[in-house]
Amino acid sequence: MQRACTCQQPLATGFDRRRFLVMAGAAGVAAVLRPGLTLAAEGDYDAMVLSCIDPRFVEPVHAWTAANGLAGKYSQFVIAGAAIGVVAPAFKDWHKAFWDNLATSVELHRIKKIIAIDHRDCGAAKIAYGEARVTKPDVETETHRAALAEFRRQVAARQPKLAVQTGLMALDGKFQPLG
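In this text the structure is predicted, and so the values were computed from the model without any measurement. (Residues numbered from 1 in each chain as written. Predicted model: local features only at pLDDT ≥ 70, side-chain atom pairs only at ≥ 80, totals over all residues. Heavy atoms only, no water.)

J.: Looking at this structure, I do not really get the sheet that holds strand 7 (residues 175-177). What am I missing?
T.: Across a sheet, strands are paired by hydrogen bonds formed along the backbone, either parallel or antiparallel in direction. Strand order across the open sheet formed by five strands is 4-3-5-6-7, with mixed pairing between neighbours. Of all strands in the sheet, those with a lone pairing partner are strand 4 (74-78) and strand 7, marking the two edges. Across the sheet, the mean angle separating the axes of adjacent strands is 25 degrees when strand polarity is ignored. Judged from the five bridges that link them, strand 3 (residues 47-51) and strand 4 form a sheet pairing that is parallel. (Pairing = 2+ DSSP bridges. Helix = DSSP H or I, 4+ residues; strand = E, 2+ residues; numbered from the N terminus. Axes fitted to C-alpha atoms, helices over the stretch in contact; angles between N-to-C directions.)

J.: Would you take a moment to explain the pattern of salt bridges for this structure?
T.: It is possible for side chains of opposite charge to pair when their charged atoms get near one another. Going through the model one piece at a time under the given rule, you end up with eight salt bridges. Among the salt bridges present, the one from Arg 110 reaches Asp 44, with a minimum N-O distance of 2.6 Å. Here the residue Arg 110 occupies a position in the loop between helix 4 (92-109) and strand 5 (113-119), and Asp 44 occupies one in the loop between helix 1 (17-33) and strand 3, the gap between them amounting to 66 residues. Overall, the relative accessible area of 56% leaves Asp 44 in the exposed class. Between Asp 100 and Lys 96 there is a salt bridge; the shortest N-O distance is 2.5 Å. In this pair, Asp 100 and Lys 96 both sit in helix 4, four residues apart, roughly one turn of the helix. Residue class for Asp 100 comes out partly exposed when judged on its relative accessible area of 38%. In this structure Lys 96 comes out as exposed when scored by relative accessible area, which is 57%. Through salt bridges with shared partners, a single ionic network connects Asp 54, Arg 56, Asp 121 and Lys 126. (Salt bridge = Lys/Arg side-chain N within 4 Å of Asp/Glu carboxyl O. Buried < 20%, exposed > 50% of the residue type's maximum accessible area, 1.4 Å probe, protein only.)

J.: What's the story with the environment of Thr 141 in this structure? I'm lost.
T.: Here Thr 141 shows up in helix 6 (residues 137-158). It is 8.8 Å that separates the C-alpha atoms of Thr 141 and Leu 178, two residues lying 37 residues apart in sequence. The residues contacting Thr 141, other than those within four sequence positions of it, are Arg 120, Leu 168, Gln 176 and Leu 178. (Contact = heavy atoms within 4.5 Å.)

J.: Explain the confidence of the model for the protein chain here, please?
T.: Regions with low pLDDT carry predicted coordinates that are not meant to be interpreted in detail. Of all residues in the protein chain, 77% have pLDDT values of 70 or greater, and the mean over the chain is 86. Confidence drops under pLDDT 50 across residues 1-13; counting only partners more than four residues distant or on other chains, this segment forms nine contacts. (pLDDT = per-residue confidence, 0-100.)

J.: Is there a simple way to think about the side chain of Thr 143 in this case?
T.: One can find Thr 143 in helix 6. Here Thr 143 is in contact with Tyr 129 and Arg 133, once residues within four sequence places are set aside.

J.: Please explain the packing of aromatic side chains as it appears in this structure.
T.: Each aromatic ring pair is specified by the distance between its two centres and by the angle formed by the two planes. According to the stated counting rule, one finds six aromatic pairs in the structure shown. Taking the centre distance of 5.9 Å and the plane angle of 55 degrees together, the rings of Phe 98 and Phe 151 count as tilted. Of the two residues, Phe 98 sits in helix 4 while Phe 151 sits in helix 6, which places them 53 residues apart along the sequence. Considered together, Phe 98 and Phe 151 belong to a single accessibility category, that of buried residues. Ring centres of Trp 99 and Phe 151 lie 6.2 Å apart, and the angle between their planes is 20 degrees; this geometry places the pair in the stacked category. Residue Trp 99 is found in helix 4, and its partner Phe 151 is found in helix 6; the two are separated by 52 residues along the sequence. Trp 99 sits in the buried class, given a relative accessible area of 8%. Aromatic rings pair up to connect Phe 77, Phe 98, Trp 99 and Phe 151 into one cluster. (Phe/Tyr/Trp six-rings, centres within 6.5 Å; stacked < 30°, edge-to-face > 60°.)

See below:
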């Protein structure tokens, strides 16, 4: 029996044994032909990269990870403000989601470090700390330095075995280590 969803596309409501057997057989063949292949997201990875949702920084963060030998070797968590989104009281409702994801990445991916990449001209920093804390470059740097220091403190308390690397990325993609 089929039912139509609101977009008028048919939805199968029954269990398709034939499809299940084909998929199970394909997984079995893959396991025999590629014994090292894992069908889960488990493995040993170098890091988790925490970055911001700002579309201007997707490619610069990707380029930075590639240039630092991390391509294919990290898990990722993207949230407004990066470390600011994880530690600022203005975003307290988000904090648990990050810490739960970090614990999952430690368990599944056996990461060895967390890399937090904040960025300049961050709208979340303006929301969290006010316009005055992010308009002058030196004050903006100190605002991020304080947020990243708090981030490192919280990581040390929750995941003491993880190394922590933090920095601030400029609009041109240049990474400035902070902390």
